[in-house]
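Listed below, chain by chain, are the residues.
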Amino acid sequence: MCLKTTNETKKHNEQTEGMAYQQMNRWKSRLKRHRSAMLTGLMQILLFLGQMYLFFGLMSITNWPLRNLSRTLGTTLVTYIAMSLAMNAVYGGFDVGRRKNKPLISALCLSTLVTDLVTYLQLQIMNVNENNNDTLRLFGPDFVWLLISLAAQAIFIILMVNWANGLYFKMNPPRKVLMVLGDESRREILQHKIGRYSQQWKVEDAILWHDSNLHQRVRHAQVVFLDSEIPNQTRFELLKFCYACHRDIICKAKLQDIMLASSRQVIIDDAPCLEMDFRKMTLWQRIIKRLTDIGSSFLALVVLSPLMLLVALAIHLEDRGPVFFRQKRLTVGGRTFTILKFRTMSQQASASRTQVSATAGDQRITKVGAWLRRFRLDELPQLWNILVGDMTLVGPRPEMLENIEKYKAELPAFAYREKMKAGLTGYAQIEGRYNTTPEDKLMMDLMYIENFSLWEDVKLIMRTMTVFFKKDSTQGFSVPREEDKPAKDLSA
């Protein structure tokens, strides 16, 4: 009897110690998160104040009203702050610890460029008065100081990002990730994707969803990555378990996840419900979007016509072949149209009736074509497709008909992309790569379709400039490709 009581007391003490240990770990984790959040906030304030000081300090050399409390200073300051906030919403702001140095630097530099240009324009308009200029002068002495300011701010951004991310990751080592797989064949694919962010996460374990030790392994992880191939019911149970264990979760999105993410929470009588609208665009949104397409494409064709002429000349001089490449593509409602691009492949490859997507190191691509693809200049003639109404500025990327037939056979849900007109830019074009899998392309396109707004269009158009800083954005397909493998029903 005494032995039994002793064993029960010992077991109770072990459970109590275990609970105390878990509670201590939770407090440590919370303290670390609060410390990181405070550090990130201070860095964001420091970056903003430094950027503003450089701009106003240099611009005040030739603008004496900026040195004193004046209407010019107040108006310019309000413009600068408003534009900074707007550009943070577009480009993501100073995401310390979340993004790599290069994409973070490029986003912050573009944000600063737009902010400075708009503020500079407002300042020059303010300077048209009896005490300064009789007419608007955009390229006077102030323009030189604007260029110096932009250069100084770019250097400051590079230094700040490298220092801030370095300090953050020194204080926050990579978090331990447990991958819960739907199938063993998914291990290498997902591990490669997570491995690209080695400073944020470290895959320490991977387990199949039906393993008997799953719950125990979840308790030892900091972040749990749930594969999209896990059965729905099991996935839901795992989500609840991770939530109860205070574990951070990353879910590979499924079709229903994207669809429900844009739904509205409504109460019908006393029942919480989710409401989804099939038609995402109102009549006025369609009118504004089309007018924007016409105005923007026409202006871009006029402004970029000298560059397009030089590109056409370079293509023709290389092999004396045709300048343009025409191909049938799919757009809204399954309608086909002829897309127009600058030719980047040899004449024989372009004239072939059987079109195949470019692969890594593709010998069909010409020297001029490789350069055009690197900077996306081969896409410029599509401005004409936008002007005549075949395409829109922002929308799902138009795929080759050969690819569409194959993708629909493997992924019937791929047809959902046809709910909106094909576009020149979008999530898939900005965040994805040329060789992004059909499943991931579909998910990114649906993210845009299901969350459509005119403001989202503006943000995506401005974010398109970040593509030029991504070397792998035009990376060709490797052979064999992941999408060559049989695909499962995305809604399963």
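Reference entry: report on the structure contained in this document. Predicted model only: the values in this text are computed from it and were never measured.

1. Side note on the overall build of the protein
Next, step 1: Along its length, the protein carries 16 helices and ten strands.
Next, step 2: For the protein, with 492 residues in total, the buried portion stands at 42%.
Next, step 3: Of the contacts made within the protein by residues no fewer than 6 positions apart, 74% connect residues no fewer than 24 positions apart.
Next, step 4: Accessible surface, the protein as shown: approximately 27600 Å² in total, 62% of it carbon and sulfur.

2. Side note on the packing of aromatic side chains
Next, step 1: Tallying each qualifying case throughout the model produces twelve aromatic pairs.
Next, step 2: Ring centres of Tyr448 and Phe452 lie 6.0 Å apart, and the angle between their planes is 90°; on these two criteria the pair is classed as edge-to-face.
Next, step 3: When its relative accessible area of 2% is taken as the criterion, Tyr448 is described as buried.
Next, step 4: Taken together through their ring pairs, the aromatic side chains of Phe48, Phe55, Phe56 and Tyr80 make up a single cluster.
Next, step 5: The ring of Phe375 has Arg374 sitting right over it, with the charged end atom 5.2 Å from the ring centre.

3. Overview of the pattern of salt bridges
Next, step 1: Inspection of the entire model under this criterion finds 22 salt bridges.
Next, step 2: The partner of Lys459 in a salt bridge is Glu456, with the nearest N and O atoms 3.6 Å apart. Linking Lys459 with Glu456, this pair stays in helix α16 (residues 454-463), spanning three residues, or about one helical turn.
Next, step 3: Within the structure, one salt-bridge network assembled from shared partners comprises Lys193, Lys252, Glu439 and Asp440.

4. A closer look at the nonpolar core
Next, step 1: Formed by 41 residues in total, the largest nonpolar core has its most connected members in Ile315, Phe342, Leu372 and Tyr448.
Next, step 2: Leaving out residues up to four positions away in the same chain, Tyr448 has contacts with Lys289, Val394, Gly395, Met420, Tyr427, Asp457 and Leu460.
Next, step 3: Counting residues in each nonpolar core, the second largest holds 14 residues, with Leu39, Leu47, Ile105 and Met160 among its members.

5. Thoughts on unusual backbone geometry
Next, step 1: Of note in this structure, Asp269 is not a glycine but carries a positive phi near 60°.
Next, step 2: Residue position: Asp269 is located in the loop between β5 (264-268) and β6 (271-275).

Criteria and cut-off values
Residues numbered from 1 in each chain as written. Predicted model: local features only at pLDDT ≥ 70, side-chain atom pairs only at ≥ 80, totals over all residues. Heavy atoms only, no water. Helix = DSSP H or I, 4+ residues; strand = E, 2+ residues; numbered from the N terminus. Buried < 20%, exposed > 50% of the residue type's maximum accessible area, 1.4 Å probe, protein only. Contact = heavy atoms within 4.5 Å. Areas by Shrake-Rupley, 256 points an atom, 1.4 Å probe, with all protein chains shown as cover. Phe/Tyr/Trp six-rings, centres within 6.5 Å; stacked < 30°, edge-to-face > 60°. Lys NZ or Arg CZ within 6 Å of the ring centre and 35° of its normal. Salt bridge = Lys/Arg side-chain N within 4 Å of Asp/Glu carboxyl O. Core = buried A, V, L, I, M, F, W, Y, C linked by side-chain atoms within 4.5 Å.

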